[in-house]
Amino acid sequence: MPAKDAFHNIVKTALQKEEWFISHDPYPLQAGTLELYVDLGAEKVIAAEKQGQKIAVEIKSFLNPSKITELYAALGQFIIYRMALQQQEPERILYLAVPISVYNEFFILPFIQSVIKQNQLCLVVYNIEQEVISEWQN
């Protein structure tokens, strides 16, 4: 079982505040003989839909002084998880959760925005102090 990110419980609480049901903690993925684990699986039932929405959330804290080094690892992990998720449960959308402070100082840089766009990263921006989701980016 993988170690939990420093802000794991903050993101979990923030999702629950938005009425997401945490269905998996962690969310297991099978990729051939490999066992992978996304930090959280969550579901939200929408009144008009029987199935609702399903997401998987990989939480990152970006506590390392080198944000670009953290992004290298996060992006690689995200791409691998997304490929495995497409095989296992293609209707579930994968999100990368990042703190709002890191988003505002690093993720808004034009080059990083182009990386996000080119790699089709879905982001959940979370507020550490308030334990809420500040923004969803598809």
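Provided above is the structure to which this section pertains.
Reading the values: rules and limits
- Along every chain, residues carry numbers that run from 1 in the direction the sequence is written.
- The model is predicted, so local features are restricted to residues of pLDDT at least 70 and side-chain atom pairs to those at 80 or more, both for listing and for counting; the totals for chains, interfaces and linings are taken over all residues.
- With hydrogens and water excluded, all non-hydrogen atoms of the structure serve as input to the side-chain values.
- Pairing between two strands requires that DSSP report at least two bridges joining them.
- Counting from the N terminus, the helices are the DSSP runs of H or I reaching at least four residues and the strands are the DSSP runs of E reaching at least two.
- Note on geometry: axes are C-alpha line fits, over the in-contact stretch for helices, and angles between N-to-C directions span 0 to 180 degrees.
- The contact criterion used throughout is that any non-hydrogen atoms of two residues lie within 4.5 Å.
- Ring pairs shown here join Phe, Tyr and Trp side chains whose ring centres sit within 6.5 Å, with only the six-membered ring taken for Trp; geometry is labelled stacked below 30 degrees between planes, edge-to-face above 60, and tilted in between.
- Each residue's exposure class comes from its accessible area (1.4 Å probe, protein chains only) as a fraction of the maximum for that residue type: buried when under 20%, exposed when over 50%, partly exposed otherwise.
- Taking the helix axis as origin, the arc is that swept by the directions to the C-beta atoms.
- Salt bridges are identified by distance alone: a Lys or Arg side-chain nitrogen within 4 Å of an Asp or Glu carboxyl oxygen.

With respect to the sheet that holds strand E8 (residues 132-137)
Hydrogen bonds along the backbone pair up the strands of a sheet, which may run parallel or antiparallel.
Okay, step 1: Strand order in the open sheet made by the 6 strands is E1-E4-E5-E6-E7-E8, with mixed pairing throughout. Here the strands that pair on one side only, and so sit at the sheet edges, are strand E1 (21-24) and E8. With strand direction ignored, the average angle separating the axes of adjacent strands in the sheet is 35°.
Okay, step 2: Pairing of strand E7 (residues 123-127) with E8, which is carried by 5 bridges, proceeds in the antiparallel orientation. Within the sheet, the bridge partner assigned to Asn127 lies in E8 and is Val132.
Okay, step 3: Contacts from helix H2 (residues 67-88) reach strand E5 (53-59) and strand E6 (93-99), with the element oriented near 160° to E6.

Here we look at the environment of Phe107
Okay, step 1: Within the secondary structure, Phe107 sits in helix H3 (residues 100-107).
Okay, step 2: For the pair Phe107 and Ile55, spaced 52 residues apart in the sequence, the C-alpha separation amounts to 21 Å.
Okay, step 3: Contact partners of Phe107, with chain neighbours within four places excluded, come to Phe62, Leu71, Val98, Val102, Ile112, Gln113, Ile116 and Leu123.

Overview of the packing of aromatic side chains
Okay, step 1: According to the stated counting rule, one finds 6 aromatic pairs in the structure shown.
Okay, step 2: For the ring pair Trp20 and Trp136, a centre distance of 5.8 Å and an interplane angle of 35° mean the geometry is tilted. With Trp20 in the loop between helix H1 (8-17) and E1 and Trp136 in strand E8, the pair connects residues that are 116 residues apart, well separated along the chain.
Okay, step 3: For Trp20, a relative accessible area of 7% gives the class buried.
Okay, step 4: Under the relative-accessibility criterion, Trp136 is labelled partly exposed at 28%.
Okay, step 5: Here the aromatic rings of Tyr103 and Phe107 are separated by 6.2 Å at their centres, their planes lie at 20°, and the arrangement is stacked. With a gap of 4 residues between them, Tyr103 and Phe107 both fall in helix H3, about one helical turn apart. No difference in accessibility class separates Tyr103 from Phe107, as the two residues are buried.
Okay, step 6: Here the aromatic cluster, defined as three or more aromatic residues joined through ring pairs, consists of Phe62, Tyr103, Phe106 and Phe107.

So, H3
Okay, step 1: All buried positions along H3 are accounted for by Val102, Tyr103, Phe106 and Phe107. Summarising the axial view, the buried residues of H3 lie within an arc of 100°, below the 170-degree limit, and thus occupy one face.
Okay, step 2: Where H3 is buried, its residues touch H2, E6, helix H4 (110-118), E7 and E8.

Concerning the pattern of salt bridges
Okay, step 1: Across all of its chains, the model carries 7 salt bridges by this definition.
Okay, step 2: Between Arg92 and Glu43 there is a salt bridge, with its nearest N and O atoms 3.5 Å apart. Placement of the pair is Arg92 in the loop between H2 and E6 and Glu43 in strand E4 (residues 40-44), with a sequence separation of 49 residues.
Okay, step 3: By relative accessible area, Arg92 is classed as buried at 5%.
Okay, step 4: For Glu43, a relative accessible area of 25% puts it in the partly exposed group.
Okay, step 5: A salt bridge links Glu91 to Lys54; its shortest N-O distance comes to 4.0 Å.

In short, the description is geometric, and any link to function would need to be established separately.
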